[in-house]
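# Architecture at a glance
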Amino acid sequence: QMEPNRRADGEHLQPNSAAGSGALEHDSCCLYRPLLQGETIPGPLPLGVGVIDSSVTLFGCVFPRVANKHRLQMLEHFTECIKAAKSVRADAVTLNVFAALLSGLKGLTDNKAAVGQDDVKKAATSLIIGALISPNPMLRCAAGECLGRLAQVVGDPRFTAELAQTSFDRLKSARDVASRTGHSLALGCLHRYVGGMGSSQHLNTSVSILLALAQDPTSPVVQVWSLHALALIAESGGPMLRGYVEPSLSLCLKLLLNVPQSHVDVHQCIGKVVSALITTVGPELQGNTASVCMARSSFLCACAVMQDHQEPLVQAEATSCLQQLHLFAPRHVNLSSLVPTLCRTLISNHLLLRKAAVSCLRQLTQREAKEVCEHALTLANENRENNSIEGLVITETGLPGVLFSMLDTETDSSLIKDIHDTLTSMLQMLAADNLSQWLSMCKNVLTIATDTGSMGEVESLTGGPGEEAEEEEGDDDRAEFHTENEANRVAIQPRWPTRVFAAECVRRIISACQTSKNTPAHFDLALAKEMQLTKSRGDYLVLHLSDLVRMAFIAATSDSDPLRLEGLQTLHQVIDKFSRVPEPEFPGHLLLEQFQAQVGAALRPAFAAETASHVTAAACQVCSAWIGSGVARDLNDLRRVHQLLVSSLAKLERSTDTPYIYNESLATLERLAILKAWAEVYIVAMIGNGSAPGYVSTQSIGDVENDDGEFGEFESRGESLLTLVQPELV
């Protein structure tokens with residue numbers, strides 16, 4: 001057992017873990033208990049194992065809080081348990097003891113407490129030093145971690161020097177694998193936990209010994225442990241390790257070329273050392289001095305060698321190293337070769353490779369999203385017949401389409417998060433100039449599983465001044481809605497989390513258009529058409545308004561509450577951004593008037609009795625925004641949405657004795673949202689009628705008057721709204 005944040009460094013402890021015996025029948029409560037971040041437990045462990053694990057955790061909480069004599073008693077008891085354990089159970093008992101000790105030392109560090117008097121320190125030291133030469137590699141690893149934690153807690157340079165000198169002496173004289181590996185790791189853990197400044201006087205000796213051990217061709221195991229310890233020192237050494245970069249890097253290149261590829265662990269540890277050395281050099285890699293150029297070339301050579309390795313673990317390390325290089329020296333990483341390699345890796349059967357590739361793409365797209373997508377399309381053009389590259393299918397949607405499709409097949413949470421971040425970076429930099437592509441991707445994800453019957457109903461819900469134009473576009477709309485009829489191949493139905501993310505992307509696209517250089521044209525139909533005629537190019541958001549409303553409707557009327565919330569938020573954003581946009585072909589009318597039926601249909605399911613409270617609360621805000629926007633100026637059209645708000649008032653009269661289906665706080669949130677929506681509608685009605693109190697901002701009155709002048713005269717619109725609203729508030 002290792003600390004969660006360092007579990008990757010102690011993967012060799014996993015064979016002794018009982019995690020493989022996890023099963024649901026051991027504890028059904030795991031169905032609703034959240035896992036800690038980074039935990040990937042397959043299921044509840046058996047009762048006996050679970051009790052031991054809980055005891056280890058409890059010991060970490062108790063040990064820092066007991067008196068010195070009790071700490072000493074615990075350590076002495078541990079020593080007696082190890083001595084008394086029979087051979088069959090000795091390893092298990094010892095491993096549990098060191099897991100508890102490591103938990104206790106970590107507890108001391110977290111509580112900033114001292115380890116105690118000298119007798120406690122001596123007892124802990126003797127217990128740990130003895131396990132460093134254990135024949136069990138898991139015990140050696142646990143002992144090394146404990147030694148580093150002990151030095152960290154004690155915080156005495158002399159004590160650290162004594163521990164380091166002990167390891168130096170043993171490494172110089174010992175010839176057995178157990179001693180050499182255990183004390184190598186001890187040096188690495190000492191530097192890692194004490195820090196570069198606290199162990200600087202031992203840095204030269206530690207690095208020299210580990211470099212010598214890493215060159216021992218007779219024992220690959222010793223090479224692995226020494227390289228791992230060297231990586232720990234490089235990660236914690238910081239600038240003080242700068243003088244050891246060249247010899248360490250030279251050794252890495254030598255080992256990459258000489259060690260057989262069958263020794264995968266050695267090559268993987270070399271990759272970790274190279275990555276740590278890149279971080280040590282840092283921004284210096286952008287320089288042009290001879291030493292920096294030589295180091296940069298050596299790093300690139302090491303990455304190239306690891307990329308050609310047949311083992312996915314080593315290839316993943318190469319990708320991580322290139323990612324680090326791009327972070328510090330982006331001009332010196334060749335994207336034209338890196339991006340195609342990453343794209344091919346996206347279909348690998350190895351999760352570790354896919355995670356490394358997506359993580360690297362996430363970083364690349366933060367700076368050079370356009371170049372990355374262009375290189376991916378160049379890769380697709382290499383095979384023009386079916387856009388298939390070694391099993392990877394790249395369509396006209398390019399790399400973003402591939403990443404979207406991965407969301408429906410991947411289950412690893414960290415990988416899915418990296419895909420989300422990558423797509424978000426691409427969207428923020430590219431969506432405003434490629435609206436058709438991005439909106440088409442989102443629409444395909446949202447509509448591919450849509451029921452055709454419900455969509456036919458939506459097509460018939462178009463009214464208002466734009467009816468003729470909508471009828472002319474009817475065939476196109478049906479073709480867009482029923483995209484599944486156009487596809488001859490079997491497609492994986494998007495999962496609801498993917499559809500939720502697609503709805504989020506629609507809102508991000510609207511926000512990206514707000515900050516683009518062509519912001520006015522994105523929200524002005526007349527200006528957008530004028531710029532298309534004058535510049536013969538340009539794709540503007542207002543031209544896709546029907547798609548935005550359609551996607552918001554589909555999301556808001558789905559069966560998934562998170563997707564319904566996103567749909568309502570998208571609809572709210574569309575109303576905010578386009579409610580004042582005029583319709584050029586019908587002077588005196590607004591562009592959103594033709595979508596009144598869709599808005600009402602999207603809101604209606606949210607006010608059903610079985611709908612969750614937080615969904616109804618979001619729908620109330622959309623209702624108030626729609627009524628206050630002034631788009632629906634006919635009283636009959638306004639009643640559709642008004643009646644929905646009226647139906648929500650019944651929830652305010654609910655008896656306190658009535659049992660709650662959902663959490664009581666959600667019911668309170670719903671009531672507050674209903675009251676807020678009615679207050680906003682009432683304020684708009686009073687402002688429009690000219691009867692608002694003097695302390696109420698009358699800026700909206702000017703807007704109403706200007707709108708009346710621009711779009712023609714409307715008979716007492718404010719008074720009609722007030723007449724409609726006031727009886728419900730009495």
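All values derive from a computational prediction rather than experimental measurement. (Residues numbered from 1 in each chain as written. Predicted model: local features only at pLDDT ≥ 70, side-chain atom pairs only at ≥ 80, totals over all residues. Heavy atoms only, no water.)

This brings us to the overall build of the protein chain. Counting secondary structure elements, the protein chain contains 32 helices and 2 strands. Scored against the burial criterion, the 730 residues of the protein chain give a buried share of 50%. At a minimum sequence separation of 6, the contacts of the protein chain that also span at least 24 residues come to 70%. Within the structure as shown, the protein chain displays about 34,300 Å² of accessible surface, and the carbon and sulfur contribution to it stands at 52%. (Helix = DSSP H or I, 4+ residues; strand = E, 2+ residues; numbered from the N terminus. Buried < 20%, exposed > 50% of the residue type's maximum accessible area, 1.4 Å probe, protein only. Contact = heavy atoms within 4.5 Å. Areas by Shrake-Rupley, 256 points an atom, 1.4 Å probe, with all protein chains shown as cover.)

The next subject is the environment of Cys269. Locating Cys269 in the fold gives a position in helix H11 (residues 264-281). Cys269 sits in the buried class, given a relative accessible area of 9%. Through-space distance from the C-alpha of Cys269 to that of Ala231 is 7.8 Å; in sequence the pair is 38 residues apart.

What the rule picks out here adds up to 0 disulfides. Cys252 forms no disulfide, and the closest cysteine sulfur to it belongs to Cys321, at a distance of 9.1 Å. By relative accessible area, which is 0% here, Cys252 ends up buried. Residue Cys301 stays outside any disulfide, its sulfur separated by 9.3 Å from that of Cys303, the closest cysteine. A relative accessible area of 44% places Cys301 in the partly exposed class. (Disulfide = S-S within 2.5 Å.)

One pass over the structure, following the stated rule, counts 18 salt bridges. Note that Asp118 and Lys121 form a salt bridge whose closest N and O atoms lie 3.6 Å from each other. Here the residue Asp118 and the residue Lys121 both occupy positions in helix H4 (residues 118-131), the gap between them amounting to 3 residues, near one helical turn. For Lys121, a relative accessible area of 16% translates into the label buried. Residues Lys272 and Glu317 are paired through a salt bridge, measuring 3.3 Å at the closest nitrogen-oxygen approach. Remark: Glu317 occurs in helix H13 (residues 312-328) and Lys272 occurs in helix H11; sequence separation between them is 45 residues. The exposure class assigned to Lys272 is partly exposed, which follows from its relative accessible area of 29%. Taken together, the shared-partner salt bridges connect Arg242, Glu246 and Glu284 into one network. (Salt bridge = Lys/Arg side-chain N within 4 Å of Asp/Glu carboxyl O.)

Here helix H15 (residues 351-380) contains 30 residues, and its C-alpha end-to-end distance of 23 Å is more than 12% below the 44 Å for a straight helix at 1.5 Å per residue. If you look at H15, its biggest bend is around 115°, right at Glu368. (Expected span 1.5 Å × (residues − 1). Bend = angle between axes of the 7 residues up to and from the residue.)

Two measures describe an aromatic ring pair: the distance that separates the ring centres and the angle between the ring planes. Following the criterion strictly, the structure yields 4 aromatic pairs and no others. Taking the centre distance of 5.8 Å and the plane angle of 50° together, the rings of Phe404 and Phe501 count as tilted. Here Phe404, found in helix H16 (residues 398-406), pairs with Phe501, found in helix H22 (residues 496-514); they are 97 residues apart in sequence, far enough to count as distant. Pair check on accessibility: Phe404 and Phe501 agree, each one buried. Put simply, the rings of Phe59, Phe63 and Phe78 pair up and form one aromatic cluster. Between Arg71 and the ring centre of Phe63, over which it is positioned, the NZ or CZ distance is 5.6 Å. Over the aromatic face of Trp225 sits the side chain of Arg140, whose NZ or CZ is 5.0 Å from the ring centroid. (Phe/Tyr/Trp six-rings, centres within 6.5 Å; stacked < 30°, edge-to-face > 60°. Lys NZ or Arg CZ within 6 Å of the ring centre and 35° of its normal.)

Right, let's talk about the packing of H4 against helix H5 (residues 137-154) for a bit. The N-to-C vectors of H4 and H5 enclose an angle of 150°; their axes lie 8 Å apart at closest approach. Classified by the interaxial angle, the pair formed by H4 and H5 is roughly antiparallel. Seen along the crossing, H4 lies across H5 with a hand that is left-handed. Of H5, the residues touching H4 (which contributes Lys121, Ala124, Thr125, Ile128, Ile129 and Ala131) are Leu139, Arg140, Ala143, Cys146, Leu147, Leu150 and Val154. Of the residues in the contact of H4 with H5, the class split is 10 nonpolar, 1 polar and 2 charged. (Axes fitted to C-alpha atoms, helices over the stretch in contact; angles between N-to-C directions. Parallel < 35°, antiparallel > 145°, perpendicular 65-115°, else oblique. Left-handed = near helix turned anticlockwise from the far one by under 90°. Nonpolar A, V, L, I, M, F, W, Y, C, P; charged D, E, K, R; others polar.)

Turning to unusual backbone geometry, a few remarks are in order. The residue Lys112 is not glycine, and still its phi comes out positive at about 55°. Position of Lys112 relative to the elements: it lies in the loop between helix H3 (87-110) and H4. Residue Lys112 is classed as exposed on the basis of its relative accessible area of 78%.

Next up on the list: the side chain of Ser184. With respect to the helices and strands, the residue Ser184 is situated in helix H7 (residues 177-194). Contact partners of Ser184, with chain neighbours within four places excluded, come to Leu171, Leu210, Leu213, Trp225, Ser226 and Ala229.

Here the focus is the nonpolar core. If you look at the biggest cluster of nonpolar residues, it comprises 200 residues, and the most contacted ones within it are Phe299, Leu399, Ile509, Leu541, Leu548, Phe578 and Leu603. Looking at this core, the element that brings in the most residues is H15, giving 11 residues. Counting the residues that make up this core, at least three belong to each of domain 1 (46-155) and domain 2 (441-449 + 492-655 + 663-693 + 718-726). Beyond its immediate chain neighbours, meaning those up to four positions away, Leu541 contacts Leu435, Leu439, Ile509, Ile510, Cys513, His522, Phe523, Leu548 and Phe578. (Core = buried A, V, L, I, M, F, W, Y, C linked by side-chain atoms within 4.5 Å. Domains from an automatic or database assignment.)

Before going further, it helps to examine helix H18 (residues 435-447). Over its 13 residues, H18 runs 18 Å from end to end, which matches the ideal 18 Å to within 8%, given 1.5 Å per residue. The set of residues buried in H18 consists of Leu435, Trp438, Leu439, Met441, Cys442, Lys443, Val445, Leu446 and Thr447.

Attention now moves to the side chain of Ser134. Structurally, Ser134 can be placed in the loop between H4 and H5. A distance of 3.2 Å separates the side chain of Ser134 from the backbone nitrogen of Asn136, its partner in a polar contact. The contacts of Ser134, once residues within four sequence positions are left out, are Leu139, Arg140 and Ala178. (Polar contact = N/O pair within 3.5 Å; in protein donor to acceptor, adjacent residues only side chain to side chain.)

Here the focus is a nonpolar patch on the surface. Taken together, Leu24, Leu31 and Tyr32 make up a surface patch of nonpolar side chains, about 380 Å² in accessible area. Inspection of the secondary structure puts Tyr32 in the segment before helix H1 (47-62). (Patch = residues over 30% accessible without salt bridge, like charges linked within 9 Å, V, L, I, M, F, W, Y side chains within 5 Å.)

Attention now moves to the environment of Glu371. With respect to the secondary-structure elements, Glu371 resides in helix H15. C-alpha of Glu371 to C-alpha of Ser336: the two residues are 35 residues apart in sequence and 8.7 Å apart in space.

Residues of the protein chain with pLDDT of at least 70 account for 80%, and the chain-wide mean is 81. Counting contacts from residues 450-489, a segment whose pLDDT is below 50, to residues more than four positions away or on other chains yields 48 contacts. Low pLDDT, under 50, characterises residues 698-719; the predicted model gives this stretch 24 contacts beyond four residues in sequence or across chains. (pLDDT = per-residue confidence, 0-100.)

With that settled, consider the packing of helix H10 (residues 245-258) against H11. With their axes 10 Å apart at the nearest point, H10 and H11 run at an angle of 155° to one another. Taken together, the axes of H10 and H11 are roughly antiparallel relative to one another. Regarding H10 and H11, the two cross each other, and that crossing is left-handed. Across the interface between the two elements, Val245, Ser248, Leu249, Cys252, Leu255 and Leu256 of H10 pack against His267, Ile270, Val273, Val274, Leu277, Thr280 and Val281 of H11. Within the contact of H10 with H11, the residues separate by chemical class into 10 nonpolar, 3 polar and no charged.

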